[in-house]
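Descriptive analysis of the structure
Each chain is listed here by its residues.
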Amino acid sequence: VHEAAVSTEGIWKLAKWARTKSHLPPEPAKMPDLQWQGSQHSTVNEKANALYERFYPRTEADLEDITDSYEPGSELIIKQSVTSKDIQAIVQKVKPDKCPGADEIPNRFLQVMGEPLVQALQALITAVFKYSYFPKKFREARTIVLRKPSKPDYSNPGAWRPIALLSTLGKIIETLAARRLSDLAERENLLPDCQMGNRTSRSTETAIE
């Protein structure tokens, strides 16, 4: 608008856009060609491969310093029964408009489904715990990349960051499993007293004490 106000050429450009393109949907943002390992990547597949190599380098982990302290017969039992109250407590607290995964089911939809969804999830999660099997469909993620702010050169794959979008149904199962594991760790005293993060009844004041 400012260009059109101060330049005659700008007026004509604005008029041409209004006549030929104003009715079209906005064009999606286009990722610039990427420079990676001395080569330029311009196609969608080439960019995806360059980002994959940048985000997920292949490395060999050194496991020699890990000792197995597991003793046969010392299994730790996780509570397997699931109640509707367990599921409602999770569904009510999820952020309604977080971006969904490949199934495109938003949290807001789960929240308005109410009791029918709770009953279905109760049966599903009970089976997951009983058979110790997490459905493969919920393990699939749709990975998208976002620009890191204020980077000088977005042709560098390092100027982008990946986020993994998972199934909202799968994340409800994961949340409940994580709570059960946390309760088990507290009950069996598996965590050192000096660990403060991600524990109930722990705070900065507790750490200082």
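One can find the structure itself at the top, above this paragraph.
Analysis parameters
- Residues numbered from 1 in each chain as written.
- Predicted model: local features only at pLDDT ≥ 70, side-chain atom pairs only at ≥ 80, totals over all residues.
- Heavy atoms only, no water.
- Helix = DSSP H or I, 4+ residues; strand = E, 2+ residues; numbered from the N terminus.
- Buried < 20%, exposed > 50% of the residue type's maximum accessible area, 1.4 Å probe, protein only.
- Axes fitted to C-alpha atoms, helices over the stretch in contact; angles between N-to-C directions.
- Parallel < 35°, antiparallel > 145°, perpendicular 65-115°, else oblique.
- Left-handed = near helix turned anticlockwise from the far one by under 90°.
- Contact = heavy atoms within 4.5 Å.
- Nonpolar A, V, L, I, M, F, W, Y, C, P; charged D, E, K, R; others polar.
- Salt bridge = Lys/Arg side-chain N within 4 Å of Asp/Glu carboxyl O.
- Core = buried A, V, L, I, M, F, W, Y, C linked by side-chain atoms within 4.5 Å.

1. Quick notes on unusual backbone geometry
- Phi is positive for S132, which is not a glycine, with a value near 55°.
- With respect to the element layout, S132 can be found in the loop between α6 (115–131) and α7 (136–139).
- The phi angle at S201 is positive, at roughly 60°, despite the residue not being glycine.
- Relative to the assigned elements, S201 resides in the loop between α8 (168–187) and α9 (204–208).
- A residue is classified by how much of its surface remains accessible, and S201, at 73% relative accessible area, is exposed.

2. A short note on the packing of α6 against α8
- Taken N-terminus to C-terminus, the directions of α6 and α8 make an angle of 55°; their axes are 11 Å apart at the nearest point. By the criterion of interaxial angle, the relationship of α6 to α8 is oblique. In this structure, the crossing between α6 and α8 has a hand that is right-handed. Facing L117, L121, L124, I125, V128 and F129 of α6, the residues of α8 in contact are L169, I172, I173, L176, A177 and R180.
- Along the lines of polarity and charge, the residues of the contact of α6 with α8 split into 11 nonpolar, no polar and one charged.

3. Focus: the pattern of salt bridges
- If you walk through the whole model with that rule in mind, you get five salt bridges.
- Residue R108 is joined to D97 by a salt bridge in which the shortest nitrogen-to-oxygen separation is 2.6 Å. Placement of the pair is R108 in helix α5 (residues 107–113) and D97 in the loop between α4 (84–91) and α5, with a sequence separation of 11 residues.
- According to the relative accessible area criterion, R108 is partly exposed, its value standing at 42%.
- In this structure, the salt-bridge partner of R187 is E188, at a minimum N-O distance of 4.0 Å.

4. A few points about the nonpolar core
- If you look at the biggest cluster of nonpolar residues, it comprises 16 residues, and the most contacted ones within it are I87, L121, I125 and I172.
- Mapped by element, the contributors of at least two residues to this core are α4, α6 and α8.
- In terms of residue count, the dominant contributor to this core is α6 (six residues).
- Among all residues touching I125, those that are not within four sequence positions of it are V82, I87, I172, I173 and L176.
- In this structure, W36, A50, L51 and F55 belong to the second largest nonpolar core, which totals nine residues.

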